[in-house]
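# Notes for the structure review
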Amino acid sequence: MKPILEVENLEKYYGNRGNITKAVDNINFCVNEGEFVGIMGPSGSGKTTLLNCISTIDTVTSGHIRINDKDITTLKKDNLSKFRRNELGFIFQDFNLLDTLTAYENIALALTIQKVKTAEIEKRVHDAARKLDIMDTLEKYPYQLSGGQKQRIAAARALITNPSLILADEPTGALDSKSSRMLLDSMERMNQEYNATIMMVTHDAFTASYAQRILFIKDGKIFNEIIRGNDSRKEFFNKILEVVTLLGGDTSNVL
């Protein structure tokens, strides 16, 4: 399999010489094309810092991050912005939709910026909307939509540019259980039908059970890794809970 994301000897420090916090401590892993990988860990474990470095929101202290063979730790500001726009898709906890645009316009915005032809934009938006079961929302504004609908709009927006990697940051954090399940079913379809490569940070074991592989982070390091394989989602969910117990501490910070 082709590696889409390669993280090599990654370290991230905060603070000054008298008070240094090592948020990410020599982490190494890769995500292959078409994988759906979850990242879990207690609050303060470094998982959000890791995501921020991969998403180019934050810079690394040392080490390398390669996405589609491009070392993003060496890119300058303008090239980094272009890379982020063309190669990465994002699904945020708080949706990040523009209130003054319809759902269709929110999804199409990235393609408009890329100067894709109108006919092609319409085809791709409708294709993504059908796959994610949101055709009936396209002419509505965000204030007219439920949280689950907004998040599926955000998922379609992340998918529409065919990015190398989709990064999801606590995507079900603001949703009720029914909306969470609908979004996760949609993300699973994105992965299986579009071959989208997804890396998702989550506190929630049920959400994590939709992934194919889970990396557990503790104290800035990879603590454990489990692979779903042929397990049912319920079996994988139970394995996730077992590792959460091994992590120790207050499990409410993890789940």
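Residues numbered from 1 in each chain as written. Predicted model: local features only at pLDDT ≥ 70, side-chain atom pairs only at ≥ 80, totals over all residues. Heavy atoms only, no water.

The name given to the chain in an unreviewed UniProt entry is ABC transporter ATP-binding protein, and the organism recorded there is Amedibacillus dolichus. A UniProt comment under Sequence similarities (unreviewed entry) is attached to the chain, and it reads "Belongs to the ABC transporter superfamily." (UniProt positions renumbered as here; feature names shortened; annotations may be inferred.)

## Looking at a nonpolar patch on the surface
A cluster of nonpolar side chains, Leu-98, Leu-109 and Ile-113, forms an exposed patch at the surface whose accessible area comes to about 240 Å². In this fold, Leu-98 is placed in the loop between strand S6 (88-91) and helix H3 (103-113). (Patch = residues over 30% accessible without salt bridge, like charges linked within 9 Å, V, L, I, M, F, W, Y side chains within 5 Å. Areas by Shrake-Rupley, 256 points an atom, 1.4 Å probe, with all protein chains shown as cover. Salt bridge = Lys/Arg side-chain N within 4 Å of Asp/Glu carboxyl O. Helix = DSSP H or I, 4+ residues; strand = E, 2+ residues; numbered from the N terminus.)

## Re the nonpolar core
Counting 47 residues, the largest nonpolar core has Met-187, Met-190, Ile-214, Phe-216 and Ile-240 as the members making the most contacts within it. By residue number, the principal contributor to this core is helix H5 (residues 147-159), which donates six residues. If we ignore the near neighbours within four places in the chain, the residues touching Ile-240 are Met-40, Ala-205, Ala-208, Ser-209, Ile-214, Phe-216 and Ile-226. Core analysis: the next-biggest nonpolar cluster, separate from the first, contains 27 residues, Ile-4, Leu-51, Phe-83 and Ile-217 among them. (Core = buried A, V, L, I, M, F, W, Y, C linked by side-chain atoms within 4.5 Å. Buried < 20%, exposed > 50% of the residue type's maximum accessible area, 1.4 Å probe, protein only. Contact = heavy atoms within 4.5 Å.)

## Examining the UniProt feature "domain: ABC transporter" (unreviewed entry) in the chain
In this numbering, the UniProt entry assigns the feature "domain: ABC transporter" (unreviewed entry) to residues 5-244. Within the segment residues 5-244, helix and strand shares are 38% and 27% respectively, and the terminal C-alpha atoms sit 25 Å apart.

## Side note on the pattern of salt bridges
Applying the stated rule across the entire model yields 10 salt bridges. Between Asp-25 and Lys-221 there is a salt bridge, and its shortest N-O distance comes to 3.6 Å. Of the two residues, Asp-25 sits in strand S2 (residues 19-32) while Lys-221 sits in strand S10 (residues 221-227), which places them 196 residues apart along the sequence. Look at Asp-25 and you get buried, because its relative accessible area is 14%. Looking at Lys-221, the relative accessible area reads 44%, which means it is partly exposed. Between Glu-193 and Lys-131 there is a salt bridge; the shortest N-O distance is 3.9 Å.

## What to know about the environment of Glu-188
Structurally, Glu-188 can be placed in helix H6 (residues 177-193). Using a relative accessible area of 16% as the deciding quantity, one classes Glu-188 as buried. Along the primary structure Glu-188 and Gln-212 are separated by 24 residues, whereas in three dimensions their C-alpha atoms are 10.0 Å apart. The residues contacting Glu-188, other than those within four sequence positions of it, are Tyr-210, Arg-228 and Arg-233. Side-chain polar atoms of Glu-188 contact the side chain of Arg-233, separated by 2.7 Å. (Polar contact = N/O pair within 3.5 Å; in protein donor to acceptor, adjacent residues only side chain to side chain.)

## Topic: the packing of H3 against helix H4 (residues 118-131)
As a packed pair, H3 and H4 sit with axes 10 Å apart at the nearest point and diverge in direction by 130°. In terms of orientation, H3 and H4 fall into the oblique class. When you trace H3 past H4, the crossing you get is right-handed. Contacts between H3 and H4 involve Tyr-104, Ile-107, Ala-108, Leu-111 and Thr-112 from the former and Ile-121, Glu-122, Arg-124, Val-125 and His-126 from the latter. (Axes fitted to C-alpha atoms, helices over the stretch in contact; angles between N-to-C directions. Parallel < 35°, antiparallel > 145°, perpendicular 65-115°, else oblique. Left-handed = near helix turned anticlockwise from the far one by under 90°.)

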